[in-house]
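Architecture and fold: a report
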Amino acid sequence: MTHTTASTTAFAPITRAACIGGGVIGGGWIARFLLAGIDVKVFDPHPDAQRIVGEVLANAERAYGLLTSVPLPPRGRLTFCATLEEAVRDAEWVQESVPERLDLKQRVLGEIDATCPAQALIGSSTSGLLPSELQTTLTHPERLFVAHPYNPVYLLPLVEIVGGRATAPATIARAKAVLDAIGMKGVVIAREIEAFVGDRLLEALWREALWLIKDDICDVETLDDVIRYSFGLRWAQMGLFQTYRIAGGEAGMRHFLAQFGPCLQWPWTKLTDVVDLDDALVEKIGAQSDEQAAGLSIRELERIRDENLVGILQALKTGHGDRGWGAGKLLGDFEARLAAQVAPAPALDITAPLELVETRVSPAWVDYNGHMTEHRYLQVFGDTTDALLRLIGVDIAYVQAGHSYYTVETHLRHLDEGKLGEELRSTCQIIAVDDKRLHVFYRLFAGPERREIATAEQMMLHVDTKAGRASPSPEPVMARLRPIALAHARLEPPAGAGGIPARRKETAAA
Ligand SMILES: NC(=O)C1=CN([C@@H]2O[C@H](COP(=O)(O)OP(=O)(O)OC[C@H]3O[C@@H](n4cnc5c(N)ncnc54)[C@H](O)[C@@H]3O)[C@@H](O)[C@H]2O)C=CC1
Ligand SMILES: C[N+](C)(C)CC(=O)CC(=O)[O-]
């Protein structure tokens with residue numbers, strides 16, 4: 001999560017949400033909305049509700065800090081309310097996340113419907129109750145729908161949108177638009193059915209898993225290993241059908257169905273037999289699960305889960321030749337929209353080294369030594385180069401037109417460690433420039449105390465990319481570079497520079 005000198009403008013089609021219930025899922029929704037810049041009012045009678053929501057929010061902020069360096073909109077305002085009515089009074093979206101009991105949800109949804117604005121959308125987080133049954137206590141059932149998220153709501157983008165008999169099509173369309181705008185993937189389920197799509201799949205797997213434990217085929221850790229070392233990895237990026245298409249070999253899905261279709265008739269599954277969750281089985285699973293957790297608290301496990309999810313999302317963002325894939329493409333598209341909403345940064349102070357990049361040490365950047373691994377330093381300096389080039393007009397259009405700068409030499413010094421999650425800032429001082437060469441000195445600072453952790457001195461050449469050789473920079477680029485180079489010529493030469501000796505006389509401003 002980056003807060004640069006630039007500021008963002010509001011981008012979500014709503015600005016006010018209410019969350020009724022602030023437990024595991026309500027807390028996740030609260031974080032998702034707040035971090036998208038939406039004000040949230042919360043009603044939850046639990047005496048510890050504020051603490052619990054605060055802890056979920058802290059985890060969410062930490063995760064976003066690792067997830068993206070694109071500036072987020074200013075965080076929404078969080079208000080805890082003493083009554084449901086107070087929370088929903090001016091909401092544009094009310095999200096109900098109270099415990100999974102039909103009578104309770106019907107009562108709470110009836111109260112929401114009676115007190116929220118006429119235009120407000122009402123989403124229920126239910127994992128499996130039919131929206132038509134949730135609508136029975138509402139005067140305006142047309143604005144109620146199921147918005148079934150996945151835990152943690154602030155990182156996993158999917159929301160199953162399910163309408164009931166009385167839900168208006170416009171409600172579904174508005175709900176989807178709001179979710180899309182806040183970086184979530186609203187998937188509309190064509191017809192209501194108990195447990196929708198995701199939980200029908202999960203329940204089938206869960207049912208088999210419980211049998212396998214009860215029958216002592218394996219313990220909970222073995223079962224989890226079977227998932228996370230195999231198809232769990234596949235599912236995150238291709239789901240079920242596309243994965244099996246590949247498993248059918250060159251003949252694809254039809255061959256897969258011919259080969260493995262019949263095994264559904266074999267004793268490969270318990271089908272719909274439901275295991276009796278008696279005390280003995282509950283205790284057996286509970287004890288194995290305690291052992292598996294090896295003393296890690298739920299919050300610690302949440303943080304480990306979040307870091308892993310961030311890593312997966314980031315990997316998927318660079319998938320398919322950097323075009324992004326699945327949930328990673330969704331993240332990339334969301335970041336692009338956020339970046340486009342960033343108000344222009346105030347004019348840069350060119351009398352000092354340019355402040356060009358703000359980011360954080362992501363989990364994927366940390367190596368076996370527990371700190372930022374060496375090539376990630378160069379990555380940040382590479383991003384600094386990109387920022388400098390954009391500043392002088394060498395942007396994508398410029399590159400597509402056949403010219404660019406290529407780095408021909410780098411002298412990198414690692415001075416200190418970058419720790420997981422630490423904020424990083426890089427600066428750029430132009431040492432010299434002529435019509436073909438750009439000689440720069442970058443410094444990388446970590447943490448609020450701005451510890452200098454690395455420097456990089458680089459020589460870049462302006463090139464004609466089609467001809468594949470150095471070529472003079474055109475005047476518009478030089479016109480942007482010259483004033484910066486002149487201003488920087490008045491600065492002290494950076495300590496640590498000189499790793500790249502000038503091969504011929506460079507001028508501060510050609
Ligand atoms: N936990 C999960 O993995 C998922 C849960 N869901 C759904 O989300 C809903 C909530 O589940 P969790 O967050 O897991 O439960 P939870 O037990 O963690 O939280 C429920 C919260 O509702 C509050 N609450 C109870 N009565 C209330 C009332 N009358 N008004 C306002 N707040 C009230 C409780 O104090 C509690 O904080 C359920 O419908 C569940 O099926 C959906 C997706 C995943
Ligand atoms: C266990 N559960 C049915 C509440 C799970 C869900 O509804 C979705 C999820 O996050 O797995």
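Up top you'll find the structure we're talking about.
The structure presented is a predicted model; accordingly, all values stated were derived computationally and were not measured.

Section: the site of ligand 2
Within the structure, ligand 2 sits among Ser127, His148, Tyr150, Asn151, Asp199 and Leu202. In this structure, an oxygen atom belonging to ligand 2 sits 2.9 Å away from a side-chain N or O atom of Ser127. Between ligand 2 and Asn151 there is a distance of 3.1 Å, counted from an oxygen atom to a backbone nitrogen or oxygen. Protein chains bury 56% of the 320 Å² of accessible surface belonging to ligand 2 in isolation.

Section: the pairing of strand β13 (residues 451-464)
In terms of burial, β13 is largely enclosed, as ten of its 14 residues are buried. Of the strand pairs in this sheet, strand β10 (residues 403-414) and β13 are connected by eleven bridges, and their pairing is antiparallel. Across the sheet, the residue bridging to His411 is Glu457, located in β13. Judged from the two bridges that link them, β13 and strand β14 (residues 469-470) form a sheet pairing that is antiparallel. Counted as the bridge partner of Val463 is Ala470 from β14. Between β13 and β14, which pair antiparallel in sequence order, lie four residues; one of them, Gly468, sits at a positive phi of approximately 75°.

Overview of the packing of helix α7 (residues 198-214) against helix α11 (residues 279-293)
Relative orientation of the contacting elements α7 and α11 amounts to 90°, with a least axis distance of 10 Å. Accordingly, the angle class assigned to the pair α7 and α11 is roughly perpendicular. Contacts from Leu210, Ile213 and Lys214 in α7 reach Leu281, Lys284, Ile285 and Gln288 in α11. For the contact of α7 with α11, the class distribution of residues is four nonpolar, one polar and two charged.

Quick notes on the site of ligand 1
Residues in close proximity to ligand 1 total 21 residues, the closest being Ile25, Asp44, Glu100, Lys105 and Ser127. A distance of 3.4 Å is found between an oxygen atom of ligand 1 and a backbone nitrogen or oxygen belonging to Val98. Contact with the protein chains removes 75% of the 820 Å² of surface that ligand 1 exposes when unbound. Listing elements by their share of the shell around ligand 1, those giving two or more residues are α1 (24-35), α4 (102-115) and β6 (144-149).

Some thoughts on empty space enclosed by the protein
For the coordinates displayed, the defined rule picks out one cavity of 30 Å³ or more. Estimated volume of the largest cavity: approximately 150 Å³. Along the wall of the largest cavity there are 15 residues; nearest its centre are Arg32, Leu67, Gly183, Leu331 and Phe334. Contributions of two or more residues to the lining of the largest cavity are made by α2 (49-67) and α14 (326-341). Sorting elements by how many residues they give to the lining of the largest cavity places α14 first, with five residues. Per-class residue counts for the lining of the largest cavity are twelve nonpolar, two polar and one charged.

Considerations on the pairing of strand β8 (residues 185-188)
Consecutive side chains of a regular strand alternate in pointing toward one face of the sheet and then the other. As paired elements, strand β7 (residues 158-163) and β8 share four bridges and run parallel to each other. Bridge pairing links Val159 to Gly186 in β8. Between β7 and its parallel partner β8, the chain crosses via helix α6 (residues 169-181), and the hand of that crossover is right-handed.

Concerning α7
Compared with an ideal rise of 1.5 Å per residue, which puts 17 residues at 24 Å, α7 spans 24 Å between its outermost C-alpha atoms and is within 8% of the ideal. In this fold, the buried residues of α7 make contact with β6, β7, α8 (220-238) and α11. Backbone geometry just downstream of α7 places Asp216 in the positive-phi region, at approximately 60°.

Quick look at the packing of aromatic side chains
Tallying each qualifying case throughout the model produces nine aromatic pairs. Look at Trp29 and Trp93: their rings are 6.4 Å apart centre to centre, the planes differ by 40°, and that puts the pair in the tilted class. In this pair, Trp29 sits in helix α1 while Trp93 sits in strand β4 (residues 93-96), placing the two residues 64 residues apart along the sequence. Its relative accessible area of 0% is what places Trp29 among the buried residues. The class of Trp93 is buried, set by a relative accessible area of 0%. With centroids separated by 6.1 Å and ring planes inclined at 65°, the aromatic side chains of Phe33 and Trp93 adopt a geometry described as edge-to-face. Of this pair, Phe33 sits in helix α1 while Trp93 sits in strand β4, and the two are 60 residues apart along the sequence. Assigned by exposure class, Phe33 and Trp93 land together as buried. Over the aromatic face of Phe445 sits the side chain of Arg450, whose NZ or CZ is 4.6 Å from the ring centroid.

Quick notes on the rules
Residues numbered from 1 in each chain as written. Chains lettered and ligands numbered in written order. Predicted model: local features only at pLDDT ≥ 70, side-chain atom pairs only at ≥ 80, totals over all residues. Heavy atoms only, no water. Near = heavy atom within 4 Å. Polar contact = N/O pair within 3.5 Å; in protein donor to acceptor, adjacent residues only side chain to side chain. Areas by Shrake-Rupley, 256 points an atom, 1.4 Å probe, with all protein chains shown as cover. Buried < 20%, exposed > 50% of the residue type's maximum accessible area, 1.4 Å probe, protein only. Helix = DSSP H or I, 4+ residues; strand = E, 2+ residues; numbered from the N terminus. Pairing = 2+ DSSP bridges. Axes fitted to C-alpha atoms, helices over the stretch in contact; angles between N-to-C directions. Parallel < 35°, antiparallel > 145°, perpendicular 65-115°, else oblique. Contact = heavy atoms within 4.5 Å. Nonpolar A, V, L, I, M, F, W, Y, C, P; charged D, E, K, R; others polar. 1 Å grid on protein atoms, 1.4 Å probe; cavity = no way out; pocket = protein on both sides within 12 Å on 5 of 7 lines; lining within 4 Å. Points joined across faces, edges and corners; volume = space filled by probe spheres on them. Right-handed = clockwise from strand over helix to strand, strands pointing away. Expected span 1.5 Å × (residues − 1). Phe/Tyr/Trp six-rings, centres within 6.5 Å; stacked < 30°, edge-to-face > 60°. Lys NZ or Arg CZ within 6 Å of the ring centre and 35° of its normal.

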